[in-house]
Amino acid sequence: AQSVTQLDSHVSVSEGTPVLLRCNYSSSYSPSLFWYVQHPNKGLQLLLKYTSAATLVKGINGFEAEFKKSETSFHLTKPSAHMSDAAEYFCVVRVFGNEKLTFGTGTRLTIIP
Amino acid sequence: GAVVSQHPSWVICKSGTSVKIECRSLDFQATTMFWYRQFPKQSLMLMATSNEGSKATYEQGVEKDKFLINHASLTLSTLTVTSAHPEDSSFYICSANPGRSSYEQYFGPGTRLTVT
């Protein structure tokens, strides 16, 4: 079985400072990993995905994540936070050959003006 | 491309009534659609997986007689909450898989159900 653990339920950063949202995964097989963002009362938007290609994945809106197999981590980063980044972020895992997605519990990102 | 819509976006119904939520893939054919439930400030929980033309596969703990899923075509899946109760109030989100090898899922905007 696969799972993801988002280590922080809430992260606050000042506008213009770096963002780090942490995610660790557990999977018996080669996983695909995703980060989704959800703005209040909105659907989920895919930020980026890792599917066994390059370990450093660049996504939309300046976000990127690095797949580290030795650490079983897939942390999401952004060099400079913007007010519009305030939202809920979900780390998601999918095992190869299985369509089901397993969601982490989410991290609420707050941007301080 | 790869747009998924849901209708309605929000609905209020009385306890004991049934409500139907539609999920449509607008620009692709979806071999598989998924239904999720999200409680306030919580993560998404997969309720069921539906494949066109066959019965849905429900996750453990989800009442199949209460949450009826029909996947009548490659672009439409419906979730009917039967005999709704206040505890069914939630945000329901669908996603669709176009069937490519990436298994990528495209999510709808969600439907907020409030049962009074």
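Fair warning: this is a prediction, and the values are worked out from it, not measured in the lab. Within any chain, residue numbers begin from 1 and follow the written order of that chain's sequence. For naming, the first written chain is A and the first written ligand is 1, with later ones following in the order written. Local features in a predicted model are, by the rule used here, given only for residues with pLDDT of at least 70; side-chain atom pairs are given and counted only at 80 or more, and totals for whole chains, interfaces and linings are based on all residues. Each side-chain value is worked out from all heavy atoms of the structure, with water and hydrogens disregarded.

> Outline the overall build of chain A, supporting the account with residue identities and numerical values.
Put simply, DSSP H or I for four residues or longer makes a helix, DSSP E for two residues or longer makes a strand, and each gets a number counted from the N terminus. In terms of helices and strands, chain A carries zero helices and twelve strands. In chain A, the order of α-helices and β-strands from amino to carboxyl end is β-β-β-β-β-β-β-β-β-β-β-β. Every radius of gyration here is taken over C-alpha atoms, with the globule rule written as 2.2 Å times N^0.38, N being the number of residues. The C-alpha atoms of chain A give 13 Å as radius of gyration, which agrees with the globular expectation for 113 residues (13 Å, within 12%). Each of the three principal axes of chain A carries a C-alpha extent, and together these read 45 × 30 × 20 Å. Here's how the labels work: a residue is buried when its accessible area is under 20% of the maximum for its type, exposed when over 50%, partly exposed in between, all with a 1.4 Å probe on protein chains only. In chain A, which comprises 113 residues, the proportion classed as buried is 42%.

> Describe the packing of aromatic side chains, naming the residues involved and giving the relevant values.
Residue and element names in this part refer to chain B. Here a pair means two rings of Phe, Tyr or Trp (six-membered ring of Trp) with centres within 6.5 Å. Their orientation is stacked below 30 degrees between planes, edge-to-face above 60, and tilted elsewhere. On inspection of all chains with the given rule, the structure shows 13 aromatic pairs over all chains. Centre to centre, the rings of tyrosine 36 and phenylalanine 107 are 5.6 Å apart; their planes meet at 40°, and the pair counts as tilted. Of the two residues, tyrosine 36 sits in strand E4 (residues 32–38) while phenylalanine 107 sits in strand E10 (residues 106–107), which places them 71 residues apart along the sequence. In this pair, the class of tyrosine 36 matches that of phenylalanine 107, namely buried.

> I'd like to hear about the state of the cysteines, residue by residue, with values.
Residues and elements named next belong to chain B. Any two cysteine sulfur atoms within 2.5 Å of one another count as a disulfide. With the rule as written, the count across this model stands at two disulfides over all chains. Between the sulfur of cysteine 23 and that of cysteine 94 lies a disulfide, 2.0 Å long from S to S. Between cysteine 23 and cysteine 94, the S-S dihedral sits near 80°, and the bridge is therefore right-handed. Highlighted residues: cysteine 23 in strand E3 (residues 19–25) and cysteine 94 in strand E9 (residues 90–97), separated in sequence by 71 residues. Each of the two residues, cysteine 23 as well as cysteine 94, counts as buried. No disulfide involves cysteine 13; its sulfur sits 18 Å from the nearest other cysteine sulfur, which is in cysteine 94.

> Quick rundown of the environment of glycine 16 of chain B? Include the residues and the values.
Residue and element names in this part refer to chain B. Topologically, glycine 16 is positioned in the loop between strand E2 (10–13) and E3. For glycine 16, a relative accessible area of 44% translates into the label partly exposed. Contact definition: two residues touch when any of their heavy atoms are within 4.5 Å. Not counting residues up to four positions away in its chain, the partners in contact with glycine 16 are Ser83 and Ala84.

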